[in-house]
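Fold and contact review
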Amino acid sequence: MTISITNITKSFGNSKALDNISVDFTAGELTALLGPSGCGKTTLLRLVAGLEQADPGCGGRIIFNGQNVLADTAGKRKVGFVFQHYALFRHMTVFDNIAFGLRVRKKSQRPTKAEIKERVYSLLELVQLGNMADRMPSELSGGQRQRVALARALAIEPEVLLLDEPFGALDAKVRTELRRWLRQLHDKLNCTSIFVTHDQEEALEVADRVIVMNKGRIEQIGSPDEIFHQPASEFVMQFLGEVNVFHGRIESDDPQMVHFYDQTGQTDQPNARMLIRPHDLDISTEPDTDKRQIPATITKIQTAGPSVRLDCRDNNGKIVNVRISHDIFNRLQLFIGQNIFLTPKQLQIYRSGQK
Amino acid sequence: MLFFVQNKYNKGLMPPAWLNWTLVVISLTFLAVFLLLPLVIIFTEAFRQGMTLWWQSISEPEALHALKLTLLTAAVAVPANTIFGLAAAWCLAKFRFFGRNIIITLIDLPFAVSPIIAGMLFVLLFGARGYLRGITDSLDLQIIFAVPGIILATMFITFPFVARELTGLMTQQGSQAEQAALSLGASGWQTFWHITLPDIKWGLLYGIILCNARAMGEFGAVSVVSGHIRGKTNTLPLHAEILYNEYNFSAAFAVASLLAFLALVTLVIKSIAERRKKR
């Protein structure tokens with residue numbers, strides 16, 4: 001099922017949770033809605049599900065396979081929705097939870113008891129909870145509840161699966177396992193799936209496509225690779241991981257001709273911001289006048305972890321984070337208080353403000 | 001347990017033993033004097049002159065009528081306030097709207113107002129020179145010094161019990177389960193019967209029981225509007241008072257024991273409901 005959203009605005013009181021959003025979701029893809037809390041990602045998801053209504057005056061449309069469903073109720077849209085805190089029916093067993101969507105159907109469309117039983121057990125098998133049918137939700141762990149919620153949503157055979165922060169409430173280890181499992185499940189199901197997350201790692205690992213949102217607007221849409229390596233805005237760059245921000249001046253039309261403002265005592269105002277990820281800085285112990293270098297002093301070394309993390313201070317006293325491999329660290333024999341020179345391998349330049 | 005266990009783990013957290021025991025003794029004495037003793041006295045006084053007299057006192061026509069009227073009042077007031085309470089709690093818990101806080105405050109009004117004032121309010125409305133007398137007269141309806149007045153006053157007094165009990169519970173539960181049910185294709189009624197009601201049933205029962213206890217025991221407001229007409233507008237509490245004022249102590253206590261018995265039954269059901277609600 002393809003989903004196409006055009007010109008949707010949603011306000012809560014005076015604040016706009018979604019500001020004239022237009023976006024398409026390709027059939028069969030797993031899309032992540034990524035952004036900080038309050039950016040409108042959950043609101044967008046709930047609008048697709050029909051749990052939230054768009055502003056009456058916005059003139060927007062939500063189209064499922066060519067049909068405008070904006071006026072349809074949540075039940076009519078046949079969307080599988082998995083809630084952030086699972087929202088399992090506490091007084092029902094796992095079996096009854098999963099069977100609910102089938103049992104409330106009109107008599108003419110309702111499967112027989114035997115069919116319901118078969119469907120529920122095959123779903124339990126799918127979510128790897130085959131022997132849990134008679135448990136109550138309170139007797140399950142967080143990860144198990146999450147999978148029951150998923151099975152319940154899948155019981156109505158939705159063509160669209162929506163997940164609101166599906167792994168938000170789980171501990172780190174379960175989260176990574178479930179994340180991989182969700183990806184496999186999606187490939188098996190042939191569903192159009194959308195999930196909301198504030199964890200960039202999760203979005204990059206699981207999704208086919210990532211939509212980065214901020215303040216009710218879409219900042220960038222792209223594959224995880226595009227989002228990570230070609231961030232469309234400073235916001236996206238900042239949100240997707242640690243960055244060092246330098247001020248500088250674009251002197252000509254060639255954006256590579258940037259001077260680091262902080263270094264050579266220019267009198268002009270800086271007009272650009274340069275963002276460099278900690279792992280995109282090369283370290284050398286000797287100055288090299290051919291290269292654009294930032295002199296700095298090492299103030300802290302943290303070797304515990306897959307790479308070495310250095311806190312450095314540049315000439316202006318600003319802290320610069322650098323990540324290098326253990327190999328390079330050992331070869332250079334770095335120590336605290338040492339003067340070093342940092343060379344950016346890759347940087348993103350954004351013009352700041354007016355000229 | 002009532003008595004504190006002292007061990008090496010919580011020594012620092014516990015007060016010294018003498019203080020412990022003093023507090024325990026004070027609380028137990030207080031409980032005994034103010035709660036247990038009156039209950040014991042009611043039953044001993046009721047049966048002092050033997051079972052026969054007790055039975056006569058509660059089976060004479062006026063007492064029976066009072067019992068019937070009390071049950072009738074509860075039978076009208078409790079369901080009415082249950083339905084109202086459910087609707088109000090649903091509205092207040094699941095929606096945010098202008099004036100919500102004012103409604104929450106208004107629901108508590110019957111608790112804040114003295115029952116006597118509540119009774120007088122109905123006299124002012126429906127009494128001899130009441131504001132709404134024109135309407136009730138044209139309908140040929142007697143409210144004050146009649147059964148409708150008693151029921152109205154009782155409804156007013158017991159108004160908040162169910163609504164208050166459920167508003168908190170339903171707010172705390174949120175509406176995610178209902179939204180899940182709706183997204184799975186359930187209709188509004190299906191959602192209410194299968195999702196909302198099972199989730200609140202013990203809280204609802206608890207509210208109904210409290211409401212019922214007060215409906216049967218209400219004295220002040222009913223006393224003002226009833227007129228104390230024997231065999232006509234006397235409820236059990238009013239009947240007990242009349243007997244007492246006539247120095248007919250055994251009969252008064254016999255009627256009181258009946259009320260106390262109803263209250264005890266209510267309390268037992270209440271504690272069961274409370275335990276289930278917590279699960």
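In case you missed it, the structure is sitting above this.
The text that follows walks through the structure, step by step, so that each part is easy to find.

Calculation notes
- Residues numbered from 1 in each chain as written.
- Chains lettered and ligands numbered in written order.
- Predicted model: local features only at pLDDT ≥ 70, side-chain atom pairs only at ≥ 80, totals over all residues.
- Heavy atoms only, no water.
- Buried < 20%, exposed > 50% of the residue type's maximum accessible area, 1.4 Å probe, protein only.
- Helix = DSSP H or I, 4+ residues; strand = E, 2+ residues; numbered from the N terminus.
- Pairing = 2+ DSSP bridges.
- Disulfide = S-S within 2.5 Å.
- Patch = residues over 30% accessible without salt bridge, like charges linked within 9 Å, V, L, I, M, F, W, Y side chains within 5 Å.
- Areas by Shrake-Rupley, 256 points an atom, 1.4 Å probe, with all protein chains shown as cover.
- Salt bridge = Lys/Arg side-chain N within 4 Å of Asp/Glu carboxyl O.
- Core = buried A, V, L, I, M, F, W, Y, C linked by side-chain atoms within 4.5 Å.
- Contact = heavy atoms within 4.5 Å.
- Phe/Tyr/Trp six-rings, centres within 6.5 Å; stacked < 30°, edge-to-face > 60°.
- Lys NZ or Arg CZ within 6 Å of the ring centre and 35° of its normal.
- Buried area = accessible area lost by both parts, 1.4 Å probe.

Notes on the pairing of strand S6 (residues 79-82) of chain A
All names here are of chain A. Of the two faces of S6, the one lined by Val79 and Phe81 and the one lined by Gly80 and Val82 are each fully buried. The sheet contact formed by S6 and strand S7 (residues 160-164) spans 4 bridges and is parallel. Bridge assignment links Gly80 to a residue of S7, and that residue is Leu161.

Considerations on unusual backbone geometry
With phi around 70°, A:Tyr86 is a residue other than glycine that occupies positive phi space. A relative accessible area of 9% places A:Tyr86 in the buried class. In this model, B:Tyr247 sits at a positive phi of 60°, which is unusual for a non-glycine residue.

Side note on the pairing of strand S18 (residues 339-344) of chain A
All names here are of chain A. Of all 6 residues in S18, 5 are buried, a share of seventy percent or more. Sheet topology note: the strand S14 (residues 281-284)/S18 ladder contains 4 bridges and is antiparallel. In the strand pairing of S18, Ile283 is matched with Leu342. The pairing of strand S15 (residues 294-302) with S18 spans 4 bridges and is antiparallel. Of the residues in S18, the one forming a bridge with Ala296 is Ile340.

Describing the state of the cysteines
In protein chemistry, a disulfide is the covalent bond that joins the sulfur atoms of two cysteines. Residues and elements named next belong to chain B. Applying the stated criterion to the full structure yields 0 disulfides over all chains. Of the cysteine sulfurs around Cys91, a residue in no disulfide, the closest is that of Cys211, at 19 Å. Here Cys91 falls in the partly exposed class, since its relative accessible area comes to 34%.

Some points on a nonpolar patch on the surface
Judged by side-chain polarity, B:Leu28, B:Phe30, B:Leu31, B:Val33, B:Phe34, B:Leu35, B:Leu37 and B:Ile41 come together as a nonpolar surface patch covering roughly 760 Å² of accessible area. Residue position: B:Leu35 is located in helix H1 (residues 17-47).

Focus: the pattern of salt bridges
The final tally for this structure, using the stated rule, is 23 salt bridges over all chains. Linking B:Glu218 and B:Arg214 is a salt bridge whose minimum nitrogen-to-oxygen distance equals 3.0 Å. A relative accessible area of 3% means that B:Glu218 is categorised as buried. One continuous salt-bridge network, built from bridges that share partners, spans A:Arg179, A:Glu201, A:Glu202 and A:Glu205.

Quick notes on the nonpolar core
Across soluble globular proteins, you tend to see nonpolar side chains buried next to one another. Ranked by internal contacts, the top residues of the largest apolar core, which has 46 residues, are A:Ile98, A:Leu150 and A:Leu161. Per-element accounting of this core gives the leading share, 6 residues, to helix H5 (residues 142-154) of chain A. Residues contacting A:Leu150, with those up to four places away along its chain left out, are A:Val82, A:Leu161, A:Leu163, A:Trp181, A:Leu182 and A:Leu185. Core analysis: the next-biggest nonpolar cluster, separate from the first, contains 42 residues, A:Phe25, A:Val48, A:Phe64 and B:Ala186 among them.

Some points on the packing of aromatic side chains
Counted under the stated rule, the structure contains 17 aromatic pairs over all chains. With centroids separated by 5.7 Å and ring planes inclined at 15°, the aromatic side chains of A:Phe235 and A:Phe239 adopt a geometry described as stacked. Separated by 4 residues within a single helix, A:Phe235 and A:Phe239 lie in helix H9 (residues 234-239), roughly one turn from each other. Assessed through its relative accessible area of 18%, A:Phe239 is described here as buried. Between B:Trp189 and B:Trp193, the ring centres sit 6.3 Å apart and the planes meet at 20°, which makes this aromatic pair stacked. Here B:Trp193 and B:Trp189 lie together in helix H11 (residues 188-217), a separation of 4 residues that amounts to about one turn. Geometry around A:Phe228 places A:Arg277 over its ring, the cationic atom sitting 5.0 Å from the centre.

Description of the interface of chain A and chain B
The partner chain B presents 16 residues to the 19 residues of chain A that form the contact. For the pair chain A and chain B, the summed buried surface comes to about 1,500 Å²; carbon and sulfur atoms form 62% of the total. Looking only at chain A, the three residues that lose the most surface to chain B are A:Arg90, A:His91 and A:Val104, adding up to 30% of its buried area. Across the contact surface, chain A and chain B share 1 salt bridge. The partner of A:Arg90 in a salt bridge is B:Asp199, with the nearest N and O atoms 3.0 Å apart. Looking at the side of chain A that touches chain B, the elements with two or more residues in it are helix H2 (74-77), S6, helix H3 (94-103) and H5 of chain A.

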